[in-house]
Every structure is written in structure tokens, then in C-alpha cells.
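# Fold and contact review
Next come the chains, spelled out residue by residue.
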Amino acid sequence: MSRRSAGLLLVPGIALLAFGFVFPVCAMLLAPPEGDAAGVAGRLGGMLTDGYVLSIALRTVRIGLITMLASLLLGFPVAYAISRAPARRAGVLLALSTFPLLLSTVVRTYSWLVILGRNGLLSGVLTGLGITAHPPQLLYTETAIVLGLVQLFTPLMILSCYGSLSQVDSRLEEAARGLGASSGRAFRLVVLPMALPGVAVGSTLVFAGAVTAFTTPMLLGGTRQRTLATLLYDYASVSLDWTSASAVAVFMTMIVLAVGVLTGRVGASRLGARRARKVPPATAGAAGEGAV
Amino acid sequence: MRRRPLLTALCALAYLFMLGPILLVVAVAFSGGDTIHFPPEGLSLKWFGKALSQHSFTSALGTSVLVATGATLLALLVGVPLALAVQRGRLPGRRVIEALCLSPIVVPELVVGLALYQQLMVGLRVTALGTLMIGHAVLLIPYAVRVTGASLAMADPMLEEAARGLGAGPVTAFFRVTLPVLAPGILSAGLLSFITSFNNVPLSLLLTGPGTTTLPVEMLHYVEFSFDPVVAAVSTLLLALTVAVAVVTERLIGFNKVFGR
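Everything numeric in this text was worked out from a predicted model, so none of it was measured. Starting from 1, residues in each chain are numbered consecutively following that chain's sequence as written. All chains are assigned letters beginning at A, and all ligands numbers beginning at 1, according to the order in which they are written. With pLDDT at 70 or above as the cut-off, local features in this predicted model cover only qualifying residues; side-chain atom pairs require 80 or more to be listed or tallied, and sums for whole chains, interfaces and linings still use all residues. The side-chain quantities take in all heavy atoms of the structure and omit both hydrogens and water.

## A few points about the overall build of chain A
Heads up, the condition is: Strands here mean DSSP runs of E at least two residues long; helices mean DSSP runs of H or I at least four residues long; both are numbered from the N terminus. Note on classification: 1.4 Å probe, protein chains only; a residue is buried when its accessible area is under 20% of the maximum for its type, exposed when over 50%, partly exposed between these limits. Throughout, a contact is declared for two residues whenever any of their heavy atoms are within 4.5 Å. Throughout, the Shrake-Rupley method with a 1.4 Å probe supplies accessible areas, and for residues the shown protein chains are the sole cover considered.
When helices and strands are counted, chain A shows 13 helices and zero strands. In sequence order, the secondary structure elements of chain A are arranged as α-α-α-α-α-α-α-α-α-α-α-α-α. When each of the 292 residues of chain A is scored for burial, the buried share is 54%. Here the contacts in chain A between residues at least 6 apart in sequence split such that 75% fall between residues at least 24 apart. Total accessible area computed for chain A in this model is approximately 12200 Å², and 66% of it derives from carbon and sulfur atoms.

## Some words on the overall build of chain B
Convention followed: Residues counted as positive are Lys and Arg, residues counted as negative are Asp and Glu, and His and the chain ends are not counted. For the purpose of locating charges, the reference atoms are NZ of Lys, CZ of Arg, CG of Asp and CD of Glu.
A count of helical and extended segments in chain B gives 12 helices and zero strands. For chain B, the α and β elements follow one another from N to C terminus as α-α-α-α-α-α-α-α-α-α-α-α. With the C-alpha coordinates of chain B rotated into their principal frame, the extents come out at 70 × 65 × 30 Å. Counting the 261 residues in chain B, one finds 54% classified as buried. Contacts in chain B between residues at least 24 apart in sequence constitute 67% of all its contacts with a sequence separation of at least 6. Across chain B, 16 positive and 11 negative side-chain charges occur, with their mean positions spaced 12 Å apart.

## Observations regarding helix α6 (residues 128–154) of chain B
All names here are of chain B. Note the threshold: Given a helix with a known number of residues, its expected span is that number minus one, times 1.5 Å. Throughout, the bend at a residue refers to the angle made by two axes, fitted to the seven residues ending there and to the seven starting there.
With 27 residues, α6 should cover 39 Å at 1.5 Å per step; its first-to-last C-alpha distance of 39 Å lies within 8% of that length. Leu140 marks where α6 bends most, by close to 35 degrees; the proline Pro142 follows one to four residues later. Most of α6 is tucked away: 20 of the 27 residues are buried.

## Describing the pattern of salt bridges
Applicable threshold: Here, a salt bridge means any side-chain nitrogen of Lys or Arg that lies within 4 Å of a carboxyl oxygen of Asp or Glu.
In total, this model carries 10 salt bridges over all chains according to the counting rule given. A salt bridge links Glu160 of chain B to Arg88 of chain B, with the nearest nitrogen and oxygen atoms 3.3 Å apart. On the criterion of sequence distance, the pair formed by Glu160 of chain B in helix α7 (residues 157–165) and Arg88 of chain B in helix α3 (residues 55–88) is long-range, its members being 72 residues apart. Classification of Glu160 of chain B as buried rests on a relative accessible area of 17%. Residues joined in a network through salt bridges with shared partners are Arg59, Arg62 and Glu142 of chain A.

## Regarding the packing of aromatic side chains
Heads up, the condition is: Here is the rule: rings of Phe, Tyr and Trp (six-membered ring for Trp) pair when centre to centre is within 6.5 Å. Planes less than 30 degrees apart are stacked, more than 60 are edge-to-face, and the remainder are tilted.
Enumeration over the complete set of coordinates arrives at 10 aromatic pairs over all chains. On the numbers, 5.2 Å between centres and 85 degrees between planes, the contact of Tyr80 of chain A with Phe187 of chain A is edge-to-face. One end of the pair, Tyr80 of chain A, is in helix α3 (residues 51–84); the other, Phe187 of chain A, is in helix α9 (residues 183–212), and 107 residues separate them in sequence. A relative accessible area of 24% places Phe187 of chain A in the partly exposed class. Between the aromatic rings of Phe255 of chain B and Phe259 of chain B, the centroid separation amounts to 5.1 Å while the plane-to-plane angle is 55 degrees, which identifies the pairing as tilted. Separated by four residues within a single helix, Phe255 of chain B and Phe259 of chain B lie in helix α12 (residues 255–260), roughly one turn from each other. Its relative accessible area of 0% is what places Phe259 of chain B among the buried residues. Here the aromatic cluster, defined as three or more aromatic residues joined through ring pairs, consists of Phe76, Tyr80 and Phe187 of chain A.

## Focus on the environment of Ala85 of chain B
Residue position: Ala85 of chain B is located in helix α3. Each C-alpha atom of the pair Ala85 of chain B and Glu98 of chain B lies 10.0 Å from the other, and the pair is 13 residues apart in sequence. Ignoring sequence-local partners within four residues, the contact set of Ala85 of chain B consists of Ala6, Leu9 and Leu10 of chain A together with Arg90 and Leu91 of chain B.

## Concerning the packing of helix α7 (residues 142–165) of chain A against helix α1 (residues 5–29) of chain B
Worth spelling out the cut-off: Axis definition: a line fitted to C-alpha atoms, over the contacting stretch in the case of helices. Angles run 0 to 180 degrees between N-to-C directions. Angles below 35 degrees are treated as roughly parallel, those above 145 as roughly antiparallel, those between 65 and 115 as roughly perpendicular, and all remaining angles as oblique. By convention, the crossing between two helices is left-handed when the near helix turns anticlockwise from the far helix through less than a right angle, and right-handed when the turn is clockwise. Throughout, the ten residues Ala, Val, Leu, Ile, Met, Phe, Trp, Tyr, Cys and Pro are labelled nonpolar, Asp, Glu, Lys and Arg are labelled charged, and all others, Gly among them, are labelled polar.
α1 of chain B packs onto α7 of chain A with a crossing angle of 125 degrees between their chain directions and a minimal axis gap of 9 Å. As far as their axial angle goes, α1 of chain B and α7 of chain A are oblique. Here α7 of chain A and α1 of chain B pass one another in a crossing that is left-handed. Contacts between α7 of chain A and α1 of chain B involve Leu147, Val150, Gln151, Thr154, Pro155 and Ile158 of chain A from the first element and Phe17, Met18, Pro21 and Ile22 of chain B from the second. In terms of residue class, the contact of α7 of chain A with α1 of chain B is built from eight nonpolar, two polar and no charged.

## Things to note about the interface of chain B and chain A
As a reminder of what qualifies: Accessible area that two parts lose when put together, with a 1.4 Å probe and added across both, is what the buried area reports.
Opposite the 94 residues of chain B that make contact, chain A presents 96 residues. Here chain B and chain A share an interface that buries about 8400 Å² over both sides, 78% of which is from carbon and sulfur atoms. For the chain B face of the interface with chain A, the top three residues by lost area are Tyr15, Phe17 and Met18 of chain B, together amounting to 8%. In this assembly, chain B and chain A are joined by one salt bridge. Put simply, Glu173 of chain A and Arg4 of chain B hold a salt bridge, and the shortest N to O gap is 3.7 Å. The element that contributes the greatest number of residues to the side of chain B that touches chain A is α1 of chain B, accounting for 14 residues.

## A short note on the confidence of the model for chain A
Regions with low pLDDT should not have their predicted coordinates read in detail. Going by this rule: Confidence of the predictor at the level of single residues is given by pLDDT, which spans 0 to 100.
The pLDDT averaged across chain A works out to 84; a share of 88% of its residues lies at or above 70. In this model residues 271–292 of chain A is a low-confidence stretch, pLDDT under 50, and it forms 59 contacts with partners more than four residues away in sequence or in other chains.

## Side note on unusual backbone geometry
Residues apart from glycine generally show negative phi values, whereas peptide bonds are mostly found in trans. If you check the backbone angles, Tyr140 of chain A has positive phi at about 60 degrees while not being a glycine. The residue Tyr140 of chain A is located in the loop between α6 (121–128) and α7 in this model. Backbone geometry places Arg125 of chain B, a non-glycine residue, at a positive phi of 55 degrees. If you trace the backbone, Arg125 of chain B turns up in the loop between α5 (109–123) and α6.

## Considerations on the packing of helix α5 (residues 105–116) of chain A against α7 of chain A
Residues and elements named next belong to chain A. Between α5 and α7, whose axes approach to 10 Å, the crossing angle comes to 135 degrees. On the basis of the axis angle, α5 is oblique to α7. Like other packed secondary-structure pairs, α5 and α7 cross with a definite hand, here right-handed. For the pair α5 and α7, the contacting residues are Thr105, Arg108, Thr109, Ser111, Trp112 and Leu116 in the first and Ala144, Leu147, Gly148, Gln151 and Leu152 in the second. For the contact of α5 with α7, the residue count by class is five nonpolar, five polar and one charged.

## A look at the confidence of the model for chain B
Of all residues in chain B, 98% have pLDDT values of 70 or greater, and the mean over the chain is 89. Summarising per-element confidence for chain B, the mean pLDDT is lowest in α12 of chain B (81) and highest in helix α9 (residues 202–205) of chain B (94).

## What to know about the state of the cysteines
The following threshold applies: In plain terms, two cysteine sulfur atoms within 2.5 Å form what is called a disulfide here.
Applying the stated criterion to the full structure yields zero disulfides over all chains. With no disulfide of its own, Cys26 of chain A has Cys101 of chain B as its nearest cysteine by sulfur position, at a separation of 16 Å. Here Cys161 of chain A stays unpaired: no disulfide links it, and the sulfur of Cys11 of chain B, its closest cysteine neighbor, is 12 Å away. A residue is classified by how much of its surface remains accessible, and Cys161 of chain A, at 0% relative accessible area, is buried.

Here you go:
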């Protein structure tokens, strides 16, 4: 393929990206339709000293971190089990953990209304056992948001971790055991270091996804437990304050980029020259992030 | 393999957590009561009837299918050439182009939605449907480029060169040799793109309005204001549809090849 024809092939794609992504995002930051760019920067500066917005930002980051850790704790053992299972069973287990990613987030989050709602499963169990007299307030809490997000993102964590774990030759672990290491020690010294790239990618994706998630905090947190995403929505479509909406947008994007750069650094120094290519970026990123 | 009761228990817990709640939605969908109640009060199909007869849901479904189809085709139409140029073009600044193609993933979708609303819908007066399609296509380009790029990287470039050496023009070589080799990758990318677009909420949220709403956004707004189980019925129908797609995919190409790796 000549350079000229390769260049021509780029034209429609670059044009669409420029028109549908680069232009609107840059224009929003540099020239908002109402007010000026200095307005957005000024509002952002004001937000960084505003206790209300800061508490929401803090909650958002806290939810992101807890979600990341919880989905790692739930997902890693599954990924490890899949990587060690015989091919047929591994295929079924992998498909079962991928399937939820194909389902709308609204559907998956709705299920928590059935569990945590006023007449839901959990409140029925609690009042039925006589633990509480009245149906407790379970919805519209931070815990509800975390539960919903962990359910949403565990599959993504499983896929990322499995991407690395499936590259670990099980004979290495057996060799370590044969040379006298306990199974815990073999796991820690042999499996874990090789699994780290997948864990790092999975954790970054889940954190970024949880911090920017909208559906789950909207349905399970409501107006009582706002996150940056629901705050942005409020500014943009309820109070129609675009300057503030853009400022929150910048804030949210900065958090995600900062974490991306940070884990990119850590990952690079840990892995040396080896790139984390073995993690299935296409599918893991694809099905997961689009699903939020 | 050695038996590991702890590992098995942890896995069972994880699968229960991921899949259990979804099954509860199915149970509520068959409820005879008027609110979300578990265990369901009585048994009936009335919520399915209501879901299928409610105009806001059926018209939103139409919009969703239209947007997902249009955006997927658009993303493939520009994404496959992008992948070809990046993988085979020996272009200067390849990494920069690749990074640009993947960049829509980095910015939160809600933020992209806000930007598209301000600049395209309000600024340039593009219709809601047009903006939705452009936005979704932009969101899907990274997947199209990555998935087809991955199958291009595995295909042997010598095949094309052999075709060219045997006298085929570049266009013939592409359609007779490269495209058939890429077909499974393009099919995977298309399926993944369609599902991603169909389920999207954050990008669509600010671009939808009265008259043009996608199904997930309509469901979300409905749940915000009323507590009857209609959305459980819609969810159950979507679940059934997704299972059907998964089964067909498994028969045709293999479920894990497309979605799981």
C-alpha cells in the first residue's frame, strides 16, 4: 500500500472524529455558547473551594475506589479459576461472566431496586426475621451505589485479569510447588507477579468507569447521594447552567486522565519494556465501557 | 486439578452476585401487583402487555434500533479503512493516528454528550437523530479499529502481495483477498458495536428529548418517576433477546471469540 492511498483511507475516519469529537469537546472548553472560556475556568476554580462540590467529588472518588477493590476481590478468584479450569468448563465460565456486559446497565441496575426497594427482597427478609420493625432505607445510599457498580464492573475485572492469568503457564506454578513452595507461596511468587498487568488494566478501567458512571448513581443514589456525573446532568438539563456543567465535565475528565496517567506510569515501570498487550483490550474495554 | 473448596466458594459467590439480581427482575416482571414487590404478589402477564402497548417504549425501541444500525455501519465504514491504513500503511506518525482513533474512550461519555449537545445540536442545529448517530459512531470507532486491527495484525500481508503479484489491482486485491480474511473480525466488531450503541445511556442522555428518545434512556426516565413493574417486563424482553443473540453467536462464530476472548 502506498503512503498516498493509506493517507486517503484515513480521511473519512479522521473527518468524522474531528467533527463529532475533537471539535465539540475543544469548543466546549474554549468557547462555550453562553459565557466565555474564562467563565468555565473561573467556575471550576470556584468549585475547587466549594465545600458542596468537593464533598460530591470526594464521594465520587471514594465510590470509585471501593468499587475497584470490591470487584477485584470478587473478580480475581473467578479469573484465576477460569484460567485453571479444563477448556470446556473454562469456556462456559467465561461466557457466563461476559454475558452481563451485553445487558443494558438500566436492566442490571433495576435489579437492585428489586433487592433494596421499600418492598424489596432485603427489606422483606429483615422485617420478616424481626431484625427491624419498619422497612429500612436501603435505596439512595452510598452502599446502594457501590453494590450496583460492583455488579456492573466485576465482569470487566474478570476479563482483564483473565487476559493476564491465561498467559501464565500452569506448569510454572506446579514447578514451584514441586520445588517445595507451599501453594500460597507459589501463588504469591509465581502467579501474582505475572497477573499484575491485567490487574492494573482492570483496576484502571473499573475506577474510570465507576467515577464516570451515570445510570447507577442516578437510580440508586438519586438526588440524595449525588456523584459528579449526576451533578453534571443536573446542571446541564435541570438548572440549565452550562458553564457549571462544563466545569464539572472538566473536573471529571481530569480525575480520569490523572488516574490513567498514574497507572500507566506504574504499569510501565513494573513491566519494563514489555507492553501490556496480552490483556484483551478490544473486548474488555469495548463491552465494558460502552456498558456504563 | 486439585480440589479447592475456598476458590469454588468464592467463585459461586461472585457468580451469584453478578447473575442473581438479574433473575429477580424476571420474577418481578410476572408480578400481578402494582409496585415492585418481592416476592411478587400473584402471577400475571399484564406488565408485558402494557410494555408492548406503550407507545413511548415502542417508538424509543425504533429509535434505538435505527441509531445503533446507522452508527455501527458508519463506524465500520470509516473504522475499517482506518485500521487498514494504520496496520498496513507504513505511515509516519502511526502512533499519533492510533491514539486519535482510540481517544473517544478516554473522555467520559457524559462529557462527550454535553459537548455534542452544545456544539452540534444547539450550535450547528443538527437534528437529535443525526447527533445521536454521529456521537454513537464516534464512540464505536475505537472498537471497530481495535477489533479489525487485531484480525489484520494476524492476517498475512503476503496474501495481498501475492494477489497483487498475480495481476490483481489494489481494489480487487482488497475485495477478493483482504476483506474475506477480515470478515470474522468485522462481524465481531459490528455485533459488539451494535450492542454497545443499543445499550448506551450516558452519551445519549443529553441528546434525547421529546420525540427522539432511545430505549434505555426512556426506561431510565420511567423508573425515575414510577414504581410499577413495566420496566421489569421490558428488561425481561431485552434479556430474552440478548440470550437469543448470544446463542446464535455461539452457533455461528463462538461466543467467547466475539465477546470473551
